[in-house]
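# Results of the structural survey
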Amino acid sequence: MALEHAILVSLRERAASGSELTRRFDKSFGYFWSATHQQIYRTLARMEADGWIASVVVPQQGKPDTKVYDVADRGAEVLAAWLVEPTPATPLRSDLGVKLRGASFAGDRDAVLDVVRGQLADHHARLDLYRQMCKQQFPEPELLRGADLDRYLVLRGGIRFEEGWIGWLTEYVTAHEMASSSSPLPQKDA
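Residues numbered from 1 in each chain as written. Predicted model: local features only at pLDDT ≥ 70, side-chain atom pairs only at ≥ 80, totals over all residues. Heavy atoms only, no water.

- As annotated in an unreviewed UniProt entry, the chain is PadR family transcriptional regulator from Nocardioides cavernaquae.

Shown next as structure tokens:
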């Protein structure tokens, strides 16, 4: 996915200034697609030059004027075409996964387990946040339709993703704690 597509989706939901878009991005898309504010502003300029979005200058009281962006017809066409393209399978890319695979070479298993425990705490915090967002934003999910149902289901995907990480990292820590506390298995006679 290109950043352009995430911006188009966000602007289709609601027109926004660049600063509002970056704040919204941090609170929604930023959980599964990261971009710096500079990247967003550069991409907005390119998208406007390509005719995907249009802007209007809005005067503000006591502040500089701001540009509010919205999706142009060309951008709506591009987004609609992209949304129905087959999505290639996304391979898992995880620095942590590689570290855990090579953990035996670290020399200090406890230090590696501390890294895992830190990650586990981060995933618990994110899971708690997602569950809180779900409860606040979608108190009656059975009534949702259309874009609201889509947003809810993406949030549910985030919850399931975090639950998966927590399960895996908990298993990793527990297995190593059990392995370090148990005595070696008796050797069989040859």
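## Comments concerning the nonpolar core
- Counting 21 residues, the largest nonpolar core has Leu100, Val116, Leu155, Leu169 and Tyr172 as the members making the most contacts within it.
- If near-sequence neighbours (up to four positions away) are discounted, Leu100 is found in contact with Val112, Val116, Trp168, Leu169 and Tyr172.
- In terms of nonpolar packing, the next biggest core, distinct from the first, is built from 19 residues, Ala16, Ile40, Met47 and Ile53 among them. (Core = buried A, V, L, I, M, F, W, Y, C linked by side-chain atoms within 4.5 Å. Buried < 20%, exposed > 50% of the residue type's maximum accessible area, 1.4 Å probe, protein only. Contact = heavy atoms within 4.5 Å.)

## Quick notes on the UniProt feature "domain: Transcription regulator PadR C-terminal" (unreviewed entry) in the chain
- UniProt marks residues 92-174 with the feature "domain: Transcription regulator PadR C-terminal" (unreviewed entry), using the numbering shown here.
- Along residues 92-174 one finds 78% helix and 0% strand; the C-alpha atoms at either end are 23 Å apart. (UniProt positions renumbered as here; feature names shortened; annotations may be inferred. Helix = DSSP H or I, 4+ residues; strand = E, 2+ residues; numbered from the N terminus.)

## With respect to the packing of aromatic side chains
- Overall, the coordinates contain three aromatic pairs when judged by the stated rule.
- Ring geometry for Trp165 versus Trp168: centroids 5.3 Å apart, planes at 55°, classification tilted. In this pair, Trp165 and Trp168 both sit in helix H7 (residues 146-181), three residues apart, roughly one turn of the helix.
- Using a relative accessible area of 13% as the deciding quantity, one classes Trp165 as buried.
- The class for Trp168 is partly exposed, based on a relative accessible area of 34%.
- Ring-pair connections join several aromatic residues into one group, and the members of that group are Phe161, Trp165 and Trp168. (Phe/Tyr/Trp six-rings, centres within 6.5 Å; stacked < 30°, edge-to-face > 60°.)

## Some points on the UniProt feature "domain: Transcription regulator PadR N-terminal" (unreviewed entry) in the chain
- When the UniProt feature table is mapped to this numbering, "domain: Transcription regulator PadR N-terminal" (unreviewed entry) covers residues 7-80.
- A helix fraction of 51% and a strand fraction of 26% characterise residues 7-80, whose end C-alpha atoms lie 13 Å from each other.

## With respect to the domain arrangement of the chain
- Entries for the chain in the domain assignment read domain 1 (3-84) and domain 2 (95-181).
- With centres defined by C-alpha atoms, the gap from domain 1 to domain 2 works out at 30 Å.
- Across the boundary between the two partners, domain 1 contributes four residues, which contact five residues of domain 2.
- Carbon and sulfur atoms supply 63% of the area that domain 1 and domain 2 bury against each other, a total of about 340 Å² over both sides.
- Together, Glu13, Tyr31 and Phe32 form the three largest contributors to the area buried by domain 1 at its contact with domain 2, with a combined 93%.
- Taken together, the links from domain 1 to domain 2 amount to one salt bridge.
- Taken together, the connections running from domain 1 to domain 2 amount to one residue pair in polar contact (both at pLDDT 80 or more).
- When the residues that make up the side of domain 1 that touches domain 2 are grouped by side-chain class, the tally is two nonpolar, no polar and two charged. (Domains from an automatic or database assignment. Buried area = accessible area lost by both parts, 1.4 Å probe. Salt bridge = Lys/Arg side-chain N within 4 Å of Asp/Glu carboxyl O. Polar contact = N/O pair within 3.5 Å; in protein donor to acceptor, adjacent residues only side chain to side chain. Nonpolar A, V, L, I, M, F, W, Y, C, P; charged D, E, K, R; others polar.)

## A few points about the pattern of salt bridges
- One pass over the full model with this rule turns up 10 salt bridges.
- Between Asp114 and Arg117 there is a salt bridge, and its shortest N-O distance comes to 3.1 Å. Here Asp114 pairs with Arg117, and both are found in helix H6 (residues 109-137), just three residues apart, close to one helical turn.
- A salt bridge links Glu177 to Arg117; the shortest N-O distance between them is 2.9 Å. With Glu177 in helix H7 and Arg117 in helix H6, the pair connects residues that are 60 residues apart, well separated along the chain.
- The structure contains a network of salt bridges with shared partners spanning Glu13, Asp148 and Arg151.

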